[in-house]
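Architecture and fold: a report
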Amino acid sequence: HYGEVALTLGAGGAVFSGPGTEVLHCPAARAAVVDTTGAGDAFTGTFLARRLQGEPPEDALHAALAAAAGVVAAPGARPWS
């Protein structure tokens, strides 16, 4: 059993469900997709970090989707290296 669930939908964005929260859907950030390697890791890491810092789920989803969009726009899993 999990208290919160975030599910990615690729180009469809992501959804979130948790106690006391209606199911939230956030659209994906626009990106020219070059390589999807690392997009899920970027999403998950950003989402978890933001939630652990106390951000609301919707804000964490938007930040996570923006991070994933940054990753898919460049080849390889580490576009900032």
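Everything quoted here is computed from the prediction, not taken from an experiment.

1. A look at the pairing of strand S3 (residues 21-26)
In this sheet, S3 lies alongside strand S2 (residues 14-18) in antiparallel orientation, the contact comprising four bridges. Looking at the pairing, Gly 18 lines up with Thr 21 of S3. Hairpin remark: S2 followed by S3, antiparallel, with two residues in the connecting loop; positive phi at Gly 20, about 75°.

2. Brief notes about the layout of surface pockets
Vacant regions in the atomic arrangement are exposed by a probe of water-molecule size rolled over the atoms. Of the pockets and cavities examined, the largest pocket occupies roughly 370 Å³. Every residue lining the largest pocket is counted, 17 residues in all, and those nearest its centre are Gly 10, Ala 11, Ala 28, Ala 68 and Val 72.

3. Here's the deal with a nonpolar patch on the surface
A cluster of nonpolar residues, Tyr 2, Val 5, Leu 7 and Leu 9, forms a patch on the protein surface that exposes about 450 Å² of accessible area. Structurally, Leu 7 is set in strand S1 (residues 5-8). Of the residues examined, Leu 7 reaches a relative accessible area of 48% and is grouped as partly exposed.

4. Notes on the environment of Ala 31
Along the chain, Ala 31 falls in the loop between S3 and helix H1 (39-52). Assessed through its relative accessible area of 35%, Ala 31 is described here as partly exposed. Through-space distance from the C-alpha of Ala 31 to that of Val 71 is 9.2 Å; in sequence the pair is 40 residues apart. Look past the residues within four positions of Ala 31 in its chain and what remains in contact with it is Ala 69 and Val 72.

5. Digging into the nonpolar core
In this structure, Ala 14, Phe 16, Cys 26, Ala 39, Phe 43, Phe 47, Ala 60, Leu 61, Ala 64, Leu 65, Ala 68 and Val 72 together form the largest nonpolar core, which totals twelve residues. Those elements giving two or more residues to this core turn out to be S2, H1 and helix H2 (57-72). Sort the elements by how many residues they give to this core and H2 lands first, with six residues.

What counts and what doesn't
- Residues numbered from 1 in each chain as written.
- Predicted model: local features only at pLDDT ≥ 70, side-chain atom pairs only at ≥ 80, totals over all residues.
- Heavy atoms only, no water.
- Pairing = 2+ DSSP bridges.
- Helix = DSSP H or I, 4+ residues; strand = E, 2+ residues; numbered from the N terminus.
- 1 Å grid on protein atoms, 1.4 Å probe; cavity = no way out; pocket = protein on both sides within 12 Å on 5 of 7 lines; lining within 4 Å.
- Points joined across faces, edges and corners; volume = space filled by probe spheres on them.
- Patch = residues over 30% accessible without salt bridge, like charges linked within 9 Å, V, L, I, M, F, W, Y side chains within 5 Å.
- Areas by Shrake-Rupley, 256 points an atom, 1.4 Å probe, with all protein chains shown as cover.
- Salt bridge = Lys/Arg side-chain N within 4 Å of Asp/Glu carboxyl O.
- Buried < 20%, exposed > 50% of the residue type's maximum accessible area, 1.4 Å probe, protein only.
- Contact = heavy atoms within 4.5 Å.
- Core = buried A, V, L, I, M, F, W, Y, C linked by side-chain atoms within 4.5 Å.

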